[in-house]
Amino acid sequence: MAGVDVAFVQPLEHRPKPSNATETEREIPVIDLFQLTQNHQNSDSMDVQTEIVSKIGNACRDWGFFQVINHGVPSELQQKVDATVKKFFYLSPEERREVKRDETNPLGYYDTEHTKNVRDWKEVFDFTVKDPMVLPASCQVQDQNYELHELRNQWPNYPPEFREVCEEYANAVEKLSFRLLEIMALSLGLPEKRLNGYFNDEHTSFIRFNHYPPCPVPHLALGVGHHKDAGALTVLAQDDVGGLEVKRKTDGEWIRIVPIPGSYIINVGDIVQVWSNDEYESAEHRVVVNSERERFSIPFFFNPSHTVMVKPLDELINDQNPAKYKEYNWGLFFKTRKISDFKKLDVENIQVHHFKESD
């Protein structure tokens, strides 16, 4: 990253003005999941579950973001993956690029040092929960009878425990994600496991390791530009440096999310927005850079199978509340988004609003 010419950073369309983000302690809801991670069931724990369902529903509706503590992912595992991530990013550039991603296989390592199309001030490593992950071979198809393409994880030789730690961590966060999905289903008045079937053995979830080096021009760049997540849920671990900001829906102010050690930040993705027929809305967010300290974060993107047709759920639409979105195939949507990471498309990058029903 040190080799990036700041002259290429200056003209970025998404560069922020001097930050006026509201510095506030834990403005997004913080929800304790302790009772949900216990095996015993009694009347008290059921009352607590009802309260948690209500809190998460309100957070999804009002913010699109919330933070969870006592979530069941062991702190020892969190510490182990943190140490492993740092070992990888502290390898030499040549060693990291041995597992560099490309348009054929968008899994592995990526940085912006050798490109003039600098959008984000960071370097990343991506791997999938299901290996291989199955996607359409092309996004240029008219129906679901598409040819399939397998994407396989690339694992570095060092650190030697890298793959084992990654897979152990993926299993733990996947379990948490299913529990959160079930709580969200309940909060929408649906059966607890109503949404689980969309995430079968071919679900397209992946984990990203982010490393944000110190930025010499923090007023001209972003770690990640403002965006919404396209999938169902994102489960984010961030270090004590912080930098994640969410746009508050009530007034459009950028709110800094203050890290709580060991917690996860959860945000609703576009798929949940569509399923809920806009009852829950994905929130715009961004990452600001730091001029003095490096930052690490680990988002888990919880995505359904490539075969899933995304549309408002039948139970949530009626004559008074008609469907607000046309259905779309997640695999083709995801494939198009992945291609846009590597080359400029002739049209605007696909977004969920392209499937909005006209008023």
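Preceding this section is the structure that the text describes.
To start, this report covers the structure provided alongside it. All values reported here derive from a predicted model rather than from experimental measurement.

1. Observations regarding the overall build of the protein
Point 1. Regarding its fold elements, the protein presents seven helices and 16 strands.
Point 2. Counting over 359 residues, the protein shows a buried share of 53%.
Point 3. In the protein, the proportion of contacts linking residues at least 24 apart, taken out of those at least 6 apart, comes to 79%.
Point 4. If you sum the accessible surface of the protein, you get close to 17000 Å²; carbon and sulfur atoms cover 47% of it.

2. A few points about the packing of helix α3 (residues 75-89) against helix α5 (residues 162-187)
Packed helices, taken two at a time, are described by the angle between their axes plus the distance between the axes.
Point 1. One way to put it is that α3 packs onto α5 with a least axis distance of 10 Å and a crossing angle of 135 degrees. Classified by the angle their axes make, α3 and α5 are oblique. Judged by the sense of rotation from one axis to the other, the crossing of α3 with α5 is left-handed. Taken together, the residues of α5 that come into contact with α3 (itself represented by Leu77, Lys80, Val81, Thr84 and Phe88) are Phe162, Val165, Glu168, Tyr169 and Ala172.

3. Focus on the sheet that holds strand β14 (residues 295-302)
Point 1. Strand order in this open sheet of eight strands is β1-β2-β12-β9-β14-β7-β4-β3, and the pairing throughout is mixed. Looking at strand neighbours, the two that pair on one side only are β1 (30-32) and β3 (108-110), the edges of this open sheet. When strand polarity is set aside, the average angle formed by the axes of neighbouring strands in this sheet is 25 degrees.
Point 2. Pairing analysis gives four bridges linking strand β2 (residues 65-69) to strand β12 (residues 264-268), with the strands arranged antiparallel. Residue Phe66 lies in a different strand from β12, and its bridge partner there is Ile266.
Point 3. α3 contacts β3, β4 (123-128), β7 (206-212), β12 and β14 of the sheet and is inclined by roughly 115 degrees relative to β14.

4. Quick word on the side chain of Asn277
Point 1. With respect to the element layout, Asn277 can be found in the loop between α6 (270-275) and β13 (285-287).
Point 2. Apart from the residues within four sequence positions on either side, Asn277 is in contact with Pro312, Leu316, Ile317, Asn321, Pro322, Ala323, Lys324 and Tyr325.

5. So, α3
Point 1. For α3, spanning 15 residues, the distance from its first C-alpha to its last is 21 Å, which sits close to the expected 21 Å at 1.5 Å a residue.
Point 2. Buried residues of α3: Leu77, Gln78, Val81, Thr84, Val85, Phe88 and Phe89, and no others. For α3, the angular spread of buried residues about the axis comes to 130 degrees, placing them on one side. Exposed side chains of α3 directed beyond 90 degrees from the buried face belong to Glu76 and Gln79.

6. Focus: the environment of Ile31
Point 1. You can see Ile31 is positioned in strand β1.
Point 2. Separated by 25 residues in the primary sequence, Ile31 and Ile56 place their C-alpha atoms 7.6 Å from one another.
Point 3. Sequence-distant contacts of Ile31, defined by excluding residues within four places in its chain, comprise Ile52, Lys55, Ile56, Phe66, Gln67, Val68 and Ile69.

7. Structural notes on the environment of His227
Point 1. Mapped onto the elements, His227 comes out in strand β8 (residues 224-227).
Point 2. Separated by 60 residues in the primary sequence, His227 and Val287 have C-alpha atoms spaced 9.9 Å apart.
Point 3. The residues contacting His227, other than those within four sequence positions of it, are Ala283, Glu284 and His285.
Point 4. Within polar-contact distance, the side chain of His227 engages the side chain of Asp229 at 3.3 Å.

8. Digging into the nonpolar core
Point 1. In terms of nonpolar packing, the biggest core is built from 77 residues, with Ile56, Phe66, Phe125, Leu180, Phe209, Tyr264 and Trp275 touching the most fellow members.
Point 2. Considering every element that reaches this core, the biggest residue donor is α5, with 14 residues.
Point 3. When near neighbours in sequence (up to four residues on either side) are disregarded, Phe66 contacts Ile28, Pro29, Ile31, Ile56, Ala59, Cys60, Leu180, Met184, Tyr264, Ile265 and Ile266.
Point 4. Ranked by size, the runner-up nonpolar core spans 12 residues in total, among them Ile28, Val246, Ile257 and Ile265.

9. Things to note about the packing of aromatic side chains
The description of an aromatic ring pair uses the distance of the two centres, along with the angle that the planes make with each other.
Point 1. Within this structure, the stated rule accounts for 27 aromatic pairs.
Point 2. Centre to centre, the rings of Phe125 and Trp155 are 6.5 Å apart; their planes meet at 40 degrees, and the pair counts as tilted. On the criterion of sequence distance, the pair formed by Phe125 in strand β4 and Trp155 in the loop between β6 (148-151) and α5 is long-range, its members being 30 residues apart.
Point 3. Here Phe199 and Trp275 contribute two aromatic rings whose centre-to-centre distance is 6.2 Å and whose plane-to-plane angle is 75 degrees, an arrangement assigned as edge-to-face. Here the residue Phe199 occupies a position in the loop between α5 and β7, and Trp275 occupies one in helix α6, the gap between them amounting to 76 residues. Across the pair, exposure class does not vary: Phe199 and Trp275 are buried alike.
Point 4. Among the aromatic residues, those joined into a ring-pair cluster are Phe88, Phe89, Tyr90, Tyr109, Phe125, Phe127, Trp155, Phe162, Phe209 and Phe296.
Point 5. The ring of Trp254 carries Arg286 above its face, with NZ or CZ at 4.2 Å from the centroid.

10. Here we look at the pattern of salt bridges
Point 1. Going through the model one piece at a time under the given rule, you end up with 23 salt bridges.
Point 2. In this structure, Asp111 and Arg97 form a salt bridge, with 3.3 Å as the shortest nitrogen-oxygen distance. Of this pair, Asp111 sits in the loop between β3 and β4 while Arg97 sits in the loop between α4 (93-96) and β3, and the two are 14 residues apart along the sequence.
Point 3. What makes Arg97 partly exposed here is its relative accessible area of 21%.
Point 4. Ionic pairing is found between Glu192 and Arg179, a salt bridge with its closest N-O pair at 3.1 Å.

Criteria and cut-off values
- Residues numbered from 1 in each chain as written.
- Predicted model: local features only at pLDDT ≥ 70, side-chain atom pairs only at ≥ 80, totals over all residues.
- Heavy atoms only, no water.
- Helix = DSSP H or I, 4+ residues; strand = E, 2+ residues; numbered from the N terminus.
- Buried < 20%, exposed > 50% of the residue type's maximum accessible area, 1.4 Å probe, protein only.
- Contact = heavy atoms within 4.5 Å.
- Areas by Shrake-Rupley, 256 points an atom, 1.4 Å probe, with all protein chains shown as cover.
- Axes fitted to C-alpha atoms, helices over the stretch in contact; angles between N-to-C directions.
- Parallel < 35°, antiparallel > 145°, perpendicular 65-115°, else oblique.
- Left-handed = near helix turned anticlockwise from the far one by under 90°.
- Pairing = 2+ DSSP bridges.
- Expected span 1.5 Å × (residues − 1).
- Arc of directions from axis to C-beta.
- Polar contact = N/O pair within 3.5 Å; in protein donor to acceptor, adjacent residues only side chain to side chain.
- Core = buried A, V, L, I, M, F, W, Y, C linked by side-chain atoms within 4.5 Å.
- Phe/Tyr/Trp six-rings, centres within 6.5 Å; stacked < 30°, edge-to-face > 60°.
- Lys NZ or Arg CZ within 6 Å of the ring centre and 35° of its normal.
- Salt bridge = Lys/Arg side-chain N within 4 Å of Asp/Glu carboxyl O.

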